[in-house]
Number of protein chains: 2
Amino acid sequence: MARAGITADRLVAAAAELADEVGFEQVSLSALARRFGVKDASLHSHVRGLWDLRHRLALLAGGEMIDRIGVAVAGRSGRDALAAYADAYRAYALAHPGRYAATQIRVDPALVDADAPAMRRTVEITYGMLRGYGLAEPDLTDAVRLLRATFHGYCALEASGGFNAPRDVRASWDRAIDALHIALENWPREETDHHV
Amino acid sequence: MARAGITADRLVAAAAELADEVGFEQVSLSALARRFGVKDASLHSHVRGLWDLRHRLALLAGGEMIDRIGVAVAGRSGRDALAAYADAYRAYALAHPGRYAATQIRVDPALVDADAPAMRRTVEITYGMLRGYGLAEPDLTDAVRLLRATFHGYCALEASGGFNAPRDVRASWDRAIDALHIALENWPREETDHHV
DNA sequence: GACCGAAACCTAGAGCCCCTAGGATTCTGG
DNA sequence: CCAGAATCCTAGGGGCTCTAGGTTTCGGTC
């Protein structure tokens, strides 16, 4: 009987395609095995289980995503860099919804260290993008968290059909970037002490 | 044999508790049936299936959440209203992670109309909270989207352990609210036409 | 108080999923 | 060419959702 020639990498690649087609949650070892013309039990020799597969998929997608963002941001600074970062982020999330969802899973820190480069590049590129605004810690961390939250929230809501109003989402997105740029330029100084 | 006295409402209430304990994705009809000392097939007479249960849970949680936000926002305006809204939002998401996750599922618009009050109150309260900033459409919609995205993104990332830096999340959150307030007060006017 | 219809709950069973254990086949390197 | 390792298989346990159809219990009515 001819062999299917399955590799962990080919498995993850197929999982990525499947995730973009039917959604991250719907990716199953059974469906994957079916796609390879193989019994589902056979996959357990390449991958430790569904969790392992999802974890690998998260690393793949995270790497792909930060690569594109890195390219988009390269050579830009200030508002241009922010807009390029944001647009690349959203473009990836919309083009690869399943992969993007994979990047959001909670990931074991111990395993991350093993394949850390993508993670490290992500923080490097993100903090680098903010360089022009002249922020120092802890404001830098606060700003990064604000940006991550806004970008992720926007893409998550858009992907799940949360924006019903008849207003073009792309236009709203551009205004959100403008608003964030303004917030970064006028970053709140410590003196203002509201919120009990 | 004594009866368990199951109602659709009691079922949803139990599902809410279970969701907060083990996570929204882990809520199963089987587990629920076990909790009521009943066979899982019996639940299908009260609820149309897992999807129906999740849908009802989403409506319950959405109602609870907007109630608390409404109370927090009442009698406040401007920055105070924004901070109260944001804090009530995050407090609910952190106190009831499973319920909060339920509010994020894609929900059939046809069914929403049937139980629309919570949904309508949500937009009323949200738009009302922004009244002080003097925005008009489409900027209002853009601002609402920005706020929703940031709030949701923040809570989602925090809940999934996405904030690793040794910086107090609550402090970052306060700065994010400050930043949003600044962005709303200096809302970008149409003339600025960046982003290709 | 007995009855009757409507709930509430049950068993049985199909279908899908994940995963383990151990057997058979195919590749591959010495 | 021939081990040994890698690949794929069958067998089977356990969990989940959901349908179909049977019993039992409850509440109201005569």
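Under an unreviewed UniProt entry, chain A has the name Transcriptional regulator and belongs to Streptomyces fuscichromogenes.

**Student:** Requested: an account of the relation of the copies chain A and chain B, with residues and values cited.
**Tutor:** When chain A is fitted to chain B, the residual RMSD is 0.0 Å, and the transformation amounts to a turn of 180° plus an axial shift of 0.0 Å. What we have between these two chains is a two-fold relation. Taken together, the interface assignments show that 100% of the residues at the interface of chain A recur at the interface of chain B, consistent with an identical surface on both copies.

**Student:** Report on unusual backbone geometry, specifying residues and quantitative values.
**Tutor:** The amide bond that connects E137 of chain A to the next residue, P138 of chain A, takes the cis arrangement and shows omega of 5°. Tracing the backbone through its elements, the reader meets P138 of chain A in the loop between α7 (117-129) and α8 (139-159).

**Student:** Give me the lowdown on the interface of chain A and chain B, citing residues and values where you can.
**Tutor:** Every contact between the two is made by 47 residues of chain A and, on the other side, 47 residues of chain B. Approximately 4100 Å² of surface area, both sides summed, lies buried where chain A meets chain B, with 56% of it carried by carbon and sulfur atoms. There are 4 salt bridges connecting chain A and chain B. Of the charged contacts in the structure, one is a salt bridge between D142 of chain A and R167 of chain B, with a shortest N-O distance of 2.7 Å. Linking chain A to chain B there are 19 residue pairs in polar contact (both at pLDDT 80 or more). Every element with two or more residues in the side of chain A that touches chain B is listed here: α4 (78-95), α8 and α9 (169-185) of chain A. Examining the composition of the side of chain A that touches chain B, we find that 14 residues originate from one element, α8 of chain A, more than from any other.

What counts, and at which threshold
- Residues numbered from 1 in each chain as written.
- Chains lettered and ligands numbered in written order.
- Predicted model: local features only at pLDDT ≥ 70, side-chain atom pairs only at ≥ 80, totals over all residues.
- Heavy atoms only, no water.
- Least-squares fit on C-alpha atoms with pLDDT ≥ 70 in both.
- Contact = heavy atoms within 4.5 Å.
- Helix = DSSP H or I, 4+ residues; strand = E, 2+ residues; numbered from the N terminus.
- Buried area = accessible area lost by both parts, 1.4 Å probe.
- Salt bridge = Lys/Arg side-chain N within 4 Å of Asp/Glu carboxyl O.
- Polar contact = N/O pair within 3.5 Å; in protein donor to acceptor, adjacent residues only side chain to side chain.

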